[in-house]
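Single-letter residue listing:
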Amino acid sequence: MEKIRLGKTGMMVTRMGFGGIPIQRLSESEAVAVVRKCLDLGLNYIDTANGYSTSEERIGKAVKGRRQHVFIATKTFPGTPDIIEKNLDLSLKRLDTDYIDLYQFHGVDTPTLAKIIDPENGLYKVFEKALKAGKIRHIGITCHQMDAAKAAVKTDKFETIMFPFNVITSEPAQELLPLCRQHDVGFIVMKPLAGGMLPNANICFKYLLQFPDIVAIPGIEKIEEIEEIYKIYSGPHKMTAAEHKEMKRLIEELGTRFCRRCDYCQPCAQGIPISMVMTFDTLVKRLPPAWYLKSPMISPAMAKAATCTECGECESRCPFNLPIREMIKKNYGLYEKIKAENP
């Protein structure tokens, strides 16, 4: 598979990587088989995270004996310095490796970015310490908010950024990707299929393939999935007239029902983390119930959704005119249903 230089990291990575969220739902042997199939097809970039339960350990087993041919990226939520150091050591142990190629601050918003880059006591220093110790080789960041992402790139502290980018969430093409090129920051695409909302892989990946310097990391759960996407990457990339027509239809259909997590709807008078609640249905498509039902972030967020007064202030601020109140109510109902089914 074709490789690209991932920004200032200098790593030559395949244009498609492996997203390690869905393998949590598999048995260990199934998960290892899926990862090894990706490696057999030539993929050399694997993404996971400390918070993805069994994902790191399964990836560690799958790459054993092939470590020198693979770039491994993992992440930690920006907690205290002690928590970050413990998470890093745990990731190294789970992955059964001496170093991590790309270590990322996970899910950074604007306030968290300030905490990371603070010149006196910023969490960035913890990563620098790990870099000097040889535990990590490059520093990146993952983000869902455009303003925070652009600010992070401009600091020149991060070698890569991971951000949602797909047929529906296409804003990065105009706003973020040109900035990354200017600062030589590698661009990693999360949610190329919009968290499972977009069913047409052919259109989704042909759309992304028109950008020659990005790495897409679809979450892979089945060998058939990686074979299908690999075939798209190996074939002609130009969309047909029929595919362009279908892409337009998808944009028109889902564009009014899809949260981009820009958070322009905030603040909420009830303290509801609106974008987290709005995207809950995509978590259901990708993760086992035990993950989000026990998550210290997701469960409190969904409980907050019950306090919505339907004042409509959020909808007046949404740049995409989403029916936020209706979507909150629907996702809260989905959460309660799943909770009742998994006591």
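As shown above, the structure is provided for reference.
Here the residue numbers are simple positions, counted from 1 along each chain's written sequence. Per-residue local features are limited, in this predicted model, to residues with pLDDT of at least 70; the limit for side-chain atom pairs, both in listing and counting, is 80 or more; totals at the level of whole chains, interfaces and linings are taken over all residues. The side-chain values count all of the structure's non-hydrogen atoms but skip hydrogen atoms and water molecules.

Draft legend 1. The nonpolar core, seen in detail. Grouped together as the largest cluster of nonpolar side chains are 78 residues, with contacts concentrated most on Phe 18, Phe 105, Phe 158, Phe 165, Phe 187 and Tyr 207. Throughout, a residue-residue contact means that at least one pair of heavy atoms, one from each residue, lies within 4.5 Å. With residues near it in sequence (within four places) discarded, Phe 187 still touches Leu 6, Ile 161, Phe 163, Phe 165, Pro 172, Leu 176, Leu 177, Cys 180, Asp 213, Ile 214 and Val 215. Side-chain atoms within 4.5 Å link the members of a nonpolar core, which is a set of buried Ala, Val, Leu, Ile, Met, Phe, Trp, Tyr and Cys residues. Each residue's exposure class comes from its accessible area (1.4 Å probe, protein chains only) as a fraction of the maximum for that residue type: buried when under 20%, exposed when over 50%, partly exposed otherwise. Counting residues in each nonpolar core, the second largest holds 27 residues, with Ala 49, Cys 259, Ile 272 and Ile 338 among its members.

Draft legend 2. Quick look at unusual backbone geometry. Note that the residue after Gln 266, namely Pro 267, is joined by a cis bond; omega there is 5 degrees. A run of H or I in DSSP counts as a helix once it spans at least four residues, and a run of E counts as a strand once it spans at least two, with each numbered from the N terminus. Topologically, Pro 267 is positioned in the loop between helix H11 (241-254) and helix H12 (274-278). Located in the positive-phi region is Lys 191, a residue other than glycine, with phi close to 55 degrees. Turning to its location among the elements, Lys 191 is positioned in the loop between strand E9 (186-190) and helix H9 (201-208). Even without being glycine, Glu 310 reaches a positive phi, approximately 60 degrees. With respect to the helices and strands, Glu 310 occurs in the loop between helix H15 (298-305) and helix H16 (313-317). When its relative accessible area of 40% is taken as the criterion, Glu 310 is described as partly exposed.

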